[in-house]
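Each chain is listed here by its residues.
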Amino acid sequence: MAVPARPLRQRLFLTLAGFGLLAAVAILFAPLAGATPISLSRVFDRSIPYEQNVDAQIFFVARLPRVLTAALVGSALAMAGVVFQALLRNPLASPDTLGVGAGASLGAMLAITFDIGFSVFGISPLLVSSFAGSLAALAIVFGMSLARRRGKSTMVLLLGGVTLNALLSAVMLFVQYMADFTQTFRNVRWLMGSLDVAAYTPILAALGPMLLSWIGFATLPRALDLLSVGFESAAARGVDVVRTERVALISASLATGAAVALAGPVSFIGIIAPHLVRLIVGADHRLVLPASAFFGGAFLIGCDLVARTIMAPVELPVGIVTAIAGGPVFLWLLFRRS
Amino acid sequence: MATVSPLVKRTVAALLTAIAFAASLAAQGRGTAVPLPARVPQRIISLVPATTEMLFAMRAGARVIGVSNYDHFPAGVEKLPRVGGLLDPNTEAILALKPDLVVLYDTQTQLKQRLAGAGITVYRYEHKGLPDITATMRTLGDAVGAHASADAGASEIERQLAGIRARTMNRPKPKTLLIFGREPGTLRQINASAGYGFLHDILEIAGGTDVLADLKKQSAMLSTEMILARAPEVIIELHYGESLPRTSIDAERRAWNALPSVPAVRNNRVYLLTGNEFVVPGPRIVVAAQKFAEVLQPSR
């Protein structure tokens, strides 16, 4: 599909409007849909006391936090995927590649199995422990990037991240081994991912690191475009390569850590959303980054809607739906394009 | 085509006969010999906590020489050697104790083969519903030569359960959500009884109706939307292990305030029950049933 040669501002406007509309529609309509029919007028009917208003509770407690979580997690993972793919100059890179997601998973498993972790500002210990795990992994990866000699390619960072992933997986297996039946069950369920947060505190908690990551992402698009051609040529064009890499790494890792701590590891979005978006808008990061944010959020909202309605009254873990939905669609787009 | 000569025909027939004869010999020779118990087992290892409790209840506890890692009842088992559990049975430890009967899970295929190879009799335990508890107790009693006391114990369990059922039979049965576990402090990852299994059966005997009975599964992961839609009148949360401090119980109770329209929350009928008699389908299910009955049908 040839990208039309329009001026950038026009393409930016079309992209943001198009994908933004998609995300807005998803956020507005998803809370209305679900396994139980609710009526919007009843939801906002002030004459019924909230404690008795089942429709309002379904809307405000069961569905709206879910949709907001899906929007945040989907956009965070999609943007992190874009940035990691540019940083590592590898189209197969994902938020999981460098081990930050695994660090978050390990933190959660430690909290579940050994009951460690403490509540901070009313945020559940599990969330705190999981995010702390992702920060620890980030620290290790950051240390690796510092230890790299200047000029050494991204291969070192990539291999280091893959090794960290393997190490963390081994530790997680050991923790599983130590866990009793109930804890194992909880661990396995957590690893399947769940968006049913049923409260706004976890969302607000995750919003903190995500805001920081958005600030970092905002500075990156131009530099990532230049970096993807090569470090030397980017440096020749005035890009502070080292600083860009660090901002990219920290922002993408904060976003990933917050997303995984909030909803568990949700597979597929971080690798597929960037590619799907690039098939539509091209490779310019000024378009790809915001479009991926909107698309990732909308995609996860859609997958969650399917997950909670297709086998009603039982729910599917959302990670299953993202993989089953995303895979064939992506393959179709990929082969249609050629 | 040329006709086949009689000589070839006879040779082929002879060869086929020989092959068939050899195959039948091989088939007869195969099969692991399972030795019949020549006498009443005196050295019993129980990998299943439920059967351990049954063995002690039928007064065969003195003959139990090894238990699983998850056995905690009765108090006497704490001194016994541990030999692993469902997922990680320690074959070496089992063999070292020189048992003459091992009670194991029917799904422990590898362990069964190894013990058969060592010539040790096994009793295969299958985890099913409530009626199977007393049925298992009786067949286990026969296997260990304690038929009379096993039968008496099983009959006593049946009598007590029938008594509980009779007391609750004519009362209205509240729609009950029986929760096996969730994430502490929040309403996430709620895992609940869904209409099948021995806990479901006890719930119905004790005077409750499983609010998810139509799903007919042992357990299901619930969303908050489902809980709001199903509107249970009683919520029972099970906690295994030691009892929780009062502050924790109150904190867990407060988590439900996020769903005030649920009748159980509104009418303050959310209960947290502790104790591991809920996870061991053995003689103490009577205690479990009594605890359920106390909260479901409080005596006026």
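As the structure is a computational prediction, the values presented were derived from the model and not from experiment.

**Q** Just to check I follow, could you spell out the overall build of chain A for this structure?
**A** When helices and strands are counted, chain A shows 14 helices and zero strands. Whereas a compact globule of 338 residues would reach a radius of gyration of roughly 20 Å, chain A reaches 20 Å, a difference of no more than 12%. A principal-axis box enclosing the C-alpha atoms of chain A has dimensions of 65 × 55 × 35 Å. Across chain A, every contact between residues at least 6 apart in sequence was considered, and the portion connecting residues at least 24 apart equals 76%. For chain A, the accessible surface area stands at approximately 15,100 Å², while carbon and sulfur atoms represent 70% of it.

**Q** Whenever I open this one, the confidence of the model for chain B confuses me. Can you help?
**A** A low pLDDT score tells you not to read the predicted coordinates there in detail. All names here are of chain B. The pLDDT averaged across chain B works out to 86; a share of 90% of its residues lies at or above 70. This model gives residues 27-36 a pLDDT under 50, and the stretch forms two contacts once residues within four places in sequence are excluded. The ipTM assigned to the predicted complex is 0.85, against a pTM of 0.84.

**Q** Quick question: what am I supposed to make of the interface of chain A and chain B here?
**A** By a widely used convention, the size of an interface equals the accessible area lost when the partners come together. Each side of the interface is counted separately: chain A has 32 residues, and chain B has 27 residues. The contact between chain A and chain B buries some 2,400 Å² in all, and 60% of this surface belongs to carbon and sulfur atoms. At the boundary of chain A with chain B, the tally comes to two salt bridges. Seen at the junction of chain A and chain B, the total is nine residue pairs in polar contact (both at pLDDT 80 or more). Elements with a minimum of two residues in the side of chain A that touches chain B: helix H3 (54-87), helix H7 (181-191) and helix H11 (241-263) of chain A. A total of seven residues in the side of chain A that touches chain B trace back to one element, the largest contributor, which is H3(A).

**Q** Sorry, what's going on with the nonpolar core here?
**A** When a protein is soluble and globular, its nonpolar side chains tend to lie buried together. Membership of the largest hydrophobic core comes to 84 residues, with the highest contact counts inside it found for A:Val83, A:Phe84, A:Phe217, A:Ile269 and A:Leu300. Counting residues per element, this core draws most heavily on H3(A), at 15 residues. Grouped together as the second largest cluster of nonpolar side chains are 44 residues, B:Val103, B:Leu130, B:Phe180 and B:Ala288 included.

**Q** Explanation requested: unusual backbone geometry in the structure shown.
**A** Negative phi values dominate among residues other than glycine, just as trans dominates among peptide bonds. Residue and element names in this part refer to chain B. Backbone torsion omega between phenylalanine 73 and proline 74 reads -5 degrees, so that peptide bond is classified as cis. Checked against the element boundaries, proline 74 lands in the loop between strand S2 (64-67) and helix H3 (91-96). A positive phi is found at glutamine 189, a non-glycine position, where the angle reads about 55 degrees.

**Q** I keep staring at the packing of helix H6 (residues 147-168) of chain B against helix H11 (residues 285-296) of chain B and nothing clicks. Help me out?
**A** When two helices pack together, their arrangement is given by the angle between their axes and by how far apart the axes lie. All names here are of chain B. Between H6 and H11, whose axes approach to 10 Å, the crossing angle comes to 10 degrees. Comparing their axes, H11 and H6 come out roughly parallel. Here H6 contributes Ile157, Gln160, Leu161 and Ile164 to the contact with H11, which in turn contributes Ile285, Val286, Ala289, Gln290 and Ala293.

**Q** I'm lost on helix H6 (residues 154-178) of chain A in this one. Help?
**A** For an α-helix the count is 3.6 residues per turn, leaving residues at separations of three or four pointing the same way. Residue and element names in this part refer to chain A. Helix length check: H6 (25 residues) gives 36 Å between terminal C-alpha atoms against 36 Å at 1.5 Å per residue, within 8%. When we look at burial in H6, the residues that qualify are Thr154, Leu157, Leu158, Gly160, Gly161, Leu164, Asn165, Leu168, Met172, Val175 and Gln176. Against H3, helix H4 (100-114), helix H5 (125-147), H7, helix H10 (231-236) and H11 lie the buried residues of H6.

**Q** What is the right way to look at the environment of A:Ile140 in this model?
**A** With respect to the helices and strands, the residue A:Ile140 is situated in helix H5. According to the relative accessible area criterion, A:Ile140 is partly exposed, its value standing at 44%.

**Q** Mind showing me how you'd approach the sheet that holds S2(B) here?
**A** Pairing between the strands of a sheet comes from backbone hydrogen bonds, and it takes one of two forms, parallel or antiparallel. Residue and element names in this part refer to chain B. If you walk across this open sheet you meet the four strands as S2-S1-S3-S4, and the pairing is parallel. Edge positions in the open sheet fall to S2 and strand S4 (121-125), since each of these has one partner strand only. Geometrically, the sheet is characterised by an average inter-axis angle of 20 degrees between neighbouring strands, direction not taken into account. In this sheet, strand S3 (residues 101-105) lies alongside strand S1 (residues 44-46) in parallel orientation, the contact comprising three bridges. In the sheet register, isoleucine 45 faces S3, and the bridge partner there is valine 102. Against the sheet, helix H2 (residues 49-57) touches S1, S2, S3 and S4, its axis set at about 140 degrees to S1.

**Q** Please explain the packing of aromatic side chains as it appears in this structure.
**A** Two aromatic rings are characterised by how far apart their centres lie and by the angle between their planes. Under the criterion given, the structure shown has seven aromatic pairs over all chains. Both rings, one in A:Phe44 and one in A:Phe60, keep their centres 5.8 Å apart while their planes meet at 90 degrees; by these two values the pair is edge-to-face. With A:Phe44 in the loop between helix H2 (40-43) and H3 and A:Phe60 in helix H3, this pair connects stretches of sequence that are 16 residues apart. Seen in terms of ring centroids, B:Tyr105 and B:Tyr125 are 6.0 Å apart; in terms of plane orientation they differ by 80 degrees. Their pairing is edge-to-face. In this pair, B:Tyr105 is assigned in strand S3 and B:Tyr125 in strand S4, connecting sequence segments 20 residues apart. Note on accessibility: B:Tyr105 and B:Tyr125 belong to one class, buried. Members of the aromatic cluster, joined through ring pairs, are A:Phe19, A:Phe295 and A:Phe299. Lying over the aromatic face of B:Phe73, B:Arg284 brings its terminal NZ or CZ to 3.9 Å of the ring centre.

**Q** Looking at this structure, how should I read the pattern of salt bridges?
**A** It is possible for side chains bearing opposite charge to pair when their charged atoms get close. Applying the stated criterion across every chain, the model contains 19 salt bridges over all chains. The salt bridge involving A:Arg308 is made with B:Glu225; its shortest N-O contact spans 4.0 Å. With A:Arg308 in helix H13 (residues 285-309) and B:Glu225 in helix H8 (residues 224-230), this pair bridges two chains. Comparing A:Arg308 with B:Glu225, the two get one shared label, buried. Residues B:Arg230 and B:Asp214 are paired through a salt bridge, measuring 2.7 Å at the closest nitrogen-oxygen approach. In this pair, B:Arg230 is assigned in helix H8 and B:Asp214 in the loop between strand S7 (209-210) and strand S8 (217-222), connecting sequence segments 16 residues apart. Of the residues examined, B:Arg230 reaches a relative accessible area of 21% and is grouped as partly exposed. What you see here is one network of salt bridges that share partners, running through A:Arg63, A:Arg66, A:Asp304, A:Arg308, A:Glu315 and B:Glu225.

**Q** Could you clarify how one ought to interpret the packing of helix H1 (residues 8-29) of chain A against H13(A) in this entry?
**A** Residue and element names in this part refer to chain A. Remark: H1 packs on H13, axes separated minimally by 8 Å, with the N-to-C direction vectors making an angle of 15 degrees. Viewed along their axes, H1 and H13 adopt a mutual orientation that is roughly parallel. Regarding H1 and H13, the two cross each other, and that crossing is left-handed. In this structure, H1 contributes Leu8, Arg11, Leu12, Thr15, Leu16, Phe19, Gly20, Leu22, Ala23, Ala26 and Ile27 to the contact, and H13 contributes Arg286, Leu287, Pro290, Ala291, Phe294, Phe295, Ala298 and Ile301. Its residues placed into classes, the contact of H1 with H13 shows 15 nonpolar, two polar and two charged.

**Q** Got a minute to help me understand the environment of A:Thr184 in this structure?
**A** Residue and element names in this part refer to chain A. In this structure, threonine 184 sits in helix H7. The sequence separation of threonine 184 and valine 128 amounts to 56 residues, and the corresponding C-alpha distance is 20 Å. Those residues within four positions of threonine 184 in sequence are excluded, and the remaining contacts are Gln176 and Ala179.

Rules and cut-offs
Residues numbered from 1 in each chain as written. Chains lettered and ligands numbered in written order. Predicted model: local features only at pLDDT ≥ 70, side-chain atom pairs only at ≥ 80, totals over all residues. Heavy atoms only, no water. Helix = DSSP H or I, 4+ residues; strand = E, 2+ residues; numbered from the N terminus. Rg over C-alpha atoms; globule rule 2.2 N^0.38 Å. Contact = heavy atoms within 4.5 Å. Areas by Shrake-Rupley, 256 points an atom, 1.4 Å probe, with all protein chains shown as cover. pLDDT = per-residue confidence, 0-100. Buried area = accessible area lost by both parts, 1.4 Å probe. Salt bridge = Lys/Arg side-chain N within 4 Å of Asp/Glu carboxyl O. Polar contact = N/O pair within 3.5 Å; in protein donor to acceptor, adjacent residues only side chain to side chain. Core = buried A, V, L, I, M, F, W, Y, C linked by side-chain atoms within 4.5 Å. Buried < 20%, exposed > 50% of the residue type's maximum accessible area, 1.4 Å probe, protein only. Axes fitted to C-alpha atoms, helices over the stretch in contact; angles between N-to-C directions. Parallel < 35°, antiparallel > 145°, perpendicular 65-115°, else oblique. Expected span 1.5 Å × (residues − 1). Pairing = 2+ DSSP bridges. Phe/Tyr/Trp six-rings, centres within 6.5 Å; stacked < 30°, edge-to-face > 60°. Lys NZ or Arg CZ within 6 Å of the ring centre and 35° of its normal. Left-handed = near helix turned anticlockwise from the far one by under 90°. Nonpolar A, V, L, I, M, F, W, Y, C, P; charged D, E, K, R; others polar.

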